[in-house]
Amino acid sequence: MNFCSQCGGAVSLTTPPDDNLPRHVCTACGTIHYLNPKLVVGCIVEWEGRILLCRRSIEPRYGLWTLPAGFMENGETAREAAQRETLEEARAHVEIDDAFALISVPHVNQVHLFYRARLLEASFSPGLETLETALFAEEAIPWREIAFQTVTLCLRAFFSDRAAREFHFHEAALPPVSGRI
Ligand code: ZN
């Protein structure tokens, strides 16, 4: 950040009094511009036991498979975000069930939240950010071609819970070791 969105003045990185982290502070009007993590929301969509995956038509991870998910917008609830992302990426209408997994990804300043959901009808097709949409049985999941570690983690927890016939909420954090999401 170089300029203040309030007044257009120059911004400098300094630690304000009573704070313990450097912030972008406007040298003209004094506004402190806080940068905080972004929430990525998505869902594990089920239809007759199979899971809806989308093959990405955008970077990063072009061509790899993911769950429908994306950045939450201002003014919407997390559930609405999950529903909207599924409609945008897979042109699918879903009913959102319980929150299933919350995964912190501190090295990219993101938190990923996944709901369980079910398709309302067997109708889906690729949206703008998707090359291909398909339903996968557990044994057919393309594990080596999953775009994000958070999605792998979420799917593994889902199948494990489903096998045990009891879903519960999972909280995790991705270690920064790989530098991947
Ligand atoms: Zn300013």
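Residues numbered from 1 in each chain as written. Predicted model: local features only at pLDDT ≥ 70, side-chain atom pairs only at ≥ 80, totals over all residues. Heavy atoms only, no water.

With respect to the nonpolar core
Link 1 in the chain: Counting 26 residues, the largest nonpolar core has Ile44, Ile51, Leu53, Leu67 and Leu155 as the members making the most contacts within it.
Link 2 in the chain: Those elements that provide at least two residues to this core are β4 (38–47), β5 (50–56), β8 (94–105), β10 (130–136) and α2 (149–163).
Link 3 in the chain: With six residues, α2 is the largest single contributor of residues to this core.
Link 4 in the chain: Each residue touching Leu155, except ones within four places of it in the same chain, is listed here: Ile44, Ile51, Leu53, Leu67, Ile141, Trp143 and Ile146.
Link 5 in the chain: If you look at the next biggest cluster of nonpolar residues, it comprises 18 residues, including Cys43, Val94, Leu113 and Ala117. (Core = buried A, V, L, I, M, F, W, Y, C linked by side-chain atoms within 4.5 Å. Buried < 20%, exposed > 50% of the residue type's maximum accessible area, 1.4 Å probe, protein only. Helix = DSSP H or I, 4+ residues; strand = E, 2+ residues; numbered from the N terminus. Contact = heavy atoms within 4.5 Å.)

Quick look at the coordination of the zinc ion
Link 1 in the chain: The coordination sphere of the zinc ion, as far as protein atoms go, consists of Cys4 (SG), Cys7 (SG), Cys26 (SG) and Cys29 (SG), spread over 2.3 to 2.4 Å.
Link 2 in the chain: Angles of 100 to 116° at the metal separate the four donor atoms of the zinc ion, which places the site in the tetrahedral class.
Link 3 in the chain: Mapping the donors of the zinc ion onto the primary sequence gives the spacing C-x2-C-x18-C-x2-C.
Link 4 in the chain: Overall, Cys4 belongs to the buried group, its relative accessible area being 5%. (Donors = N, O, S within 2.8 Å, 3.2 Å for Na, K, Ca; no water. Tetrahedral: all angles 85-135°; square planar, octahedral: opposite > 155°, others 65-115°.)

Some points on the side chain of Asp161
Link 1 in the chain: If you trace the backbone, Asp161 turns up in helix α2.
Link 2 in the chain: Arg116 provides the closest opposite charge to the buried, unpaired Asp161, separated from it by 6.7 Å.
Link 3 in the chain: With residues near it in sequence (within four places) discarded, Asp161 still touches Phe100, Glu166, Phe167, His168 and His170. (Lys, Arg positive; Asp, Glu negative; His and termini not counted. Salt bridge = Lys/Arg side-chain N within 4 Å of Asp/Glu carboxyl O.)

A closer look at the domain arrangement of the protein chain
Link 1 in the chain: Domain boundaries assigned for the protein chain yield domain 1 (1–35) and domain 2 (38–173).
Link 2 in the chain: Placing a centre on the C-alpha atoms of domain 1 and another on those of domain 2 gives a separation of 36 Å. (Domains from an automatic or database assignment.)

Description of the pattern of salt bridges
When their charged atoms lie close together, side chains carrying opposite charge are able to pair.
Link 1 in the chain: With the rule as written, the count across this model stands at nine salt bridges.
Link 2 in the chain: The salt bridge partner of Asp97 is Arg116, with a shortest N-O separation of 3.4 Å. With Asp97 in strand β8 and Arg116 in strand β9 (residues 110–119), this residue pair connects regions lying 19 residues apart in the sequence.
Link 3 in the chain: Residue classification places Arg116 among the buried residues on the basis of a relative accessible area of 14%.
Link 4 in the chain: Taken together, the shared-partner salt bridges in this structure form one network comprising Glu76, Arg84, Glu85 and Glu88.

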